[in-house]
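Residues per chain are reported as follows:
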Amino acid sequence: MCGIAGFMSKSLRESGEKTVRKMLAAIRHRGPDQIGVWKRNNVMLGMVRLSIIDTAQHTIPYRAPDESSAIAYNGEIYNHHDVRNLYKKRYAFKTESDAETVLYHYLGKGPKSFRDYNGMYAFAIYDSRKKELYLVRDRAGEKPLYYTFKKNSFFAFASEMKALLAFIKPVFNRECVSYQAYEFNTGETTLFKNIYSVMPGEYLKVDRNMNVSKHTYWKIWDNFIHIPDNAKKIESKLTDLIVDAVELRTRNRIHRYGTFISGGVDSALVASIAKPDCVFTCHYALDDYDELDYAKLVAKKIKKELIVVRPTPQDFERTRQKIIYHLDTPCTWTSFSLWMLLEVARKHIKVALSGDGMDEIFSGYHRYHLLHHDEQIKHLKAMERYSYLIERYYGSPIERYTKLVNRCENRYNRKVIRYLEETIGYYFSKAGHDHIHAMGIADFYTTMQELLQFADRINMAFGMENRSPFLDYRLIQFAFSIPSKYKIRNGITKWIIKKIARKFIPKEIVNRVDKRGFSAPLNRWFGWEQDGKYNRSAYKHLVYEDWKKVFKVAG
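Residues numbered from 1 in each chain as written. Predicted model: local features only at pLDDT ≥ 70, side-chain atom pairs only at ≥ 80, totals over all residues. Heavy atoms only, no water.

**Comments concerning helix H7 (residues 265–274)**
Here is the rule we go by: Relative accessibility decides the category of a residue: with a 1.4 Å probe and only protein chains considered, values under 20% of the type maximum give buried, values over 50% give exposed, and everything between is partly exposed. Numbering of helices and strands runs from the N terminus, with a helix taken as a DSSP run of H or I at least four residues long and a strand as a DSSP run of E at least two residues long.
The buried fraction of H7 amounts to ten of the ten residues, a majority that puts the element mostly inside the structure. The set of residues buried in H7 consists of Val 265, Asp 266, Ser 267, Ala 268, Leu 269, Val 270, Ala 271, Ser 272, Ile 273 and Ala 274. Of the residues trailing H7, Lys 275 is marked for its positive phi of about 50°.

Structure (structure tokens):
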């Protein structure tokens, strides 16, 4: 696990290395074990390294024997030994690092190699033979990759946005409508003006003339597979996939590992299969936030130590600006609880497994019930000829889902509504006429990206690696290829997952309908509640002002 940075310019001056080292200093927390830079032609690559697979010191960034190509790499390729075996007779590998495997695979196969990996990754490869720079991001977006550029002048990239502030001033991007819509910036634009994100499953190519082109190598809708509608076979195959995805992520390590359990199905399932060295949970001693008993059930089931973290209001005040600094963006979700867990976990483990992604790919959110319920009316025989009346009465599925996910303080803001309807409409169109799959695909590429961002940033803030078994691309493909009736049935979300989970975890957890996750009772602590209702505005404004202060944002 690492952090990467670098740039290409029309004329690389002597100050180029100094600039890259300044960028790397801003993200040194991502790779405390080693730092290195590489220069060729008008390109400079830099990398900081956290040793997970191979603890030996290497020359980084990794380069080809003739120095014609190099890679700055961040991530973990779980099948890299399988890929490496293809080249053992052709190349003399110097390290055990998966980064070296990725470089040689590119040399052997070119950009077509990017879709051969099972893992989380973001890397930059410079090929001096073609004078081309490639920036590649994993399928789900687990590892971040940002860039900025000035036409005919420079192109710069980094694992975190703060590193790019070596090139541009921190100015608020008023065109980032996603922040108003979701309380988080998602998509290519960010809250920093002129800083952009490489999208999941895509890569950029920067040619010798510094022309930037975008390419897609993997999206959910291009990778549906045929799965016959056979309940027993689907359950059996899915069980095998889940077990393999979890076990695959317990390999490629030399350190102790753990899981964070919240009392829900997903984290309990990971812990029960992985059998980690220890498990961690956050405990808030308030009735509707207290999930400690469920966490204890999991620990007892797998016979592992449960380490309980008990955050306080004072902890929130102490950490909130640190969290903003590492997130690079104002975030109002569960980042505080995760930070508190990691303050403790870093003393015990180096690798953590999480349940990220399961709710999106197998329809676990309660809001999915609402649109699903409405759509059932279309199946009434009496309404067969009157489907147009349903949309006239309810609105289209896109309009209805827009209302469900819209978190703008002014819910009637036309600019925000138009943005959401266009974004959601695009993803819904990729799911055909299946509204359950459509909601999952939309969330996968929007709201889930926030969860992945703070999972990456906060783990990296403590020099730790987070692994998400449920974002294995084989599971994603399977989830969106099975009939959606296996996702929501009889008023139960994640129906097939809960059926499988009964084989592994306590039934009390499977049967829960009051799951909260790692949310903290900030409204209770600071008196932000309005008439007993959760008040999102107070938290949103607080972290936004913190963000402006921490990064000295203009505009």
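**Section: the sheet that holds strand S14 (residues 278–282)**
Remark on secondary structure: sheet strands pair via backbone hydrogen bonds, oriented parallel or antiparallel. This is how the line gets drawn: Two strands form a pair only when DSSP identifies at least two bridges running between them. Helix axes use the C-alpha atoms of the stretch in contact, all axes being lines fitted to C-alpha atoms, and the angles between their N-to-C directions lie in the range 0 to 180 degrees. Any pair of residues with heavy atoms lying within 4.5 Å of one another is described as a contacting pair.
A sheet is described by the order of its strands in space; here five strands give the open sequence S15-S14-S13-S16-S17, paired in parallel fashion. Looking at strand neighbours, the two that pair on one side only are strand S15 (305–309) and strand S17 (465–467), the edges of this open sheet. For this sheet, the mean angle separating the axes of adjacent strands, direction not counted, is 30°. With three bridges joining them, strand S16 (residues 351–353) and S17 adopt parallel strand pairing. Bridge pairing links Ala 352 to Asn 466 in S17. Taken strand by strand, H7 contacts strand S13 (257–260), S14 and S16, and its axis lies near 155° from that of S13.

**Re the side chain of Asp 356**
Our working rule: In this tally, Asp and Glu contribute negative charge and Lys and Arg positive charge; neither His nor the terminal groups of the chain are included. The rule for a salt bridge is simple: a side-chain nitrogen of Lys or Arg has to be within 4 Å of a carboxyl oxygen of Asp or Glu.
Its place among the elements puts Asp 356 in the loop between S16 and helix H11 (358–361). There is no salt bridge for the buried Asp 356, and the closest opposite charge comes from Lys 143, which lies 9.8 Å off by N-O distance. If we ignore the near neighbours within four places in the chain, the residues touching Asp 356 are Leu 452, Ala 455, Asn 466, Ser 468, Phe 470 and Leu 471.

**Topic: a nonpolar patch on the surface**
For clarity, the cut-off: Residues enter a patch when their relative accessible area is above 30% and they make no salt bridge; the linking distance is 9 Å between like charges and 5 Å between nonpolar side chains (Val, Leu, Ile, Met, Phe, Trp, Tyr). Note on areas: Shrake-Rupley, 1.4 Å probe, and residue coverage restricted to the protein chains presented here.
Taken together, Tyr 386, Tyr 388 and Leu 389 make up a surface patch of nonpolar side chains, about 290 Å² in accessible area. Examined against the element boundaries, Leu 389 turns out to sit in helix H13 (residues 387–394).

**A short note on the packing of helix H14 (residues 397–405) against helix H15 (residues 414–429)**
Filter applied, for reference: Any angle that falls under 35 degrees is termed roughly parallel, while one over 145 is termed roughly antiparallel, one within 65 to 115 roughly perpendicular, and all others oblique. A crossing counts as left-handed when the near helix is turned anticlockwise from the far one by less than a right angle, and as right-handed when that turn is clockwise.
For the pair H14 and H15, the least separation of the axes is 9 Å and the interaxial angle reads 120°. Relative to H15, the element H14 lies oblique. Viewed along their axes, H14 and H15 form a crossing whose handedness is right-handed. Within the contact between the two elements, H14 uses Pro 397, Ile 398, Glu 399, Tyr 401, Thr 402 and Val 405 and H15 uses Ile 417, Leu 420, Glu 421, Ile 424, Gly 425 and Phe 428.

**Some remarks on the environment of Arg 367**
Structurally, Arg 367 is set in helix H12 (residues 367–376). Counting along the chain gives 38 residues from Arg 367 to Val 405, while the straight-line C-alpha distance between them is 8.8 Å. The residues contacting Arg 367, other than those within four sequence positions of it, are Tyr 401, Leu 404, Val 405, Asp 443 and Thr 447.

**Here's the deal with the pattern of salt bridges**
Overall, the coordinates contain 34 salt bridges when judged by the stated rule. In this structure, the salt-bridge partner of Glu 188 is Lys 214, at a minimum N-O distance of 2.6 Å. Here Glu 188, found in the loop between helix H5 (177–182) and strand S10 (196–197), pairs with Lys 214, found in strand S12 (residues 212–216); they are 26 residues apart in sequence, far enough to count as distant. Taking relative accessible area as the criterion, Glu 188 reaches 28% and is therefore assigned partly exposed. Among the salt bridges present, the one from Lys 494 reaches Asp 266, with a minimum N-O distance of 2.8 Å. One end of the pair, Lys 494, is in the loop between helix H18 (473–479) and helix H19 (495–501); the other, Asp 266, is in helix H7, and 228 residues separate them in sequence.

**Describing the packing of aromatic side chains**
Threshold: Here a pair means two rings of Phe, Tyr or Trp (six-membered ring of Trp) with centres within 6.5 Å. Their orientation is stacked below 30 degrees between planes, edge-to-face above 60, and tilted elsewhere. Our definition puts a charge over a ring when NZ of Lys or CZ of Arg is within 6 Å of the ring centre and also within 35 degrees of the ring normal.
Applying the stated criterion across every chain yields a total of 47 aromatic pairs. Measuring from centroid to centroid gives 5.0 Å for Tyr 393 and Tyr 394, while their planes differ by 80°, and the two rings are edge-to-face. The exposed category is assigned to Tyr 393, whose relative accessible area is 67%. These aromatic residues form a ring-pair network of at least three members: Tyr 73, Tyr 106, Phe 114, Tyr 117, Tyr 121, Phe 123, Tyr 134 and Tyr 203. Between Lys 162 and the ring centre of Tyr 325, over which it is positioned, the NZ or CZ distance is 4.7 Å.

Taken by themselves, the reported measurements are silent on function.
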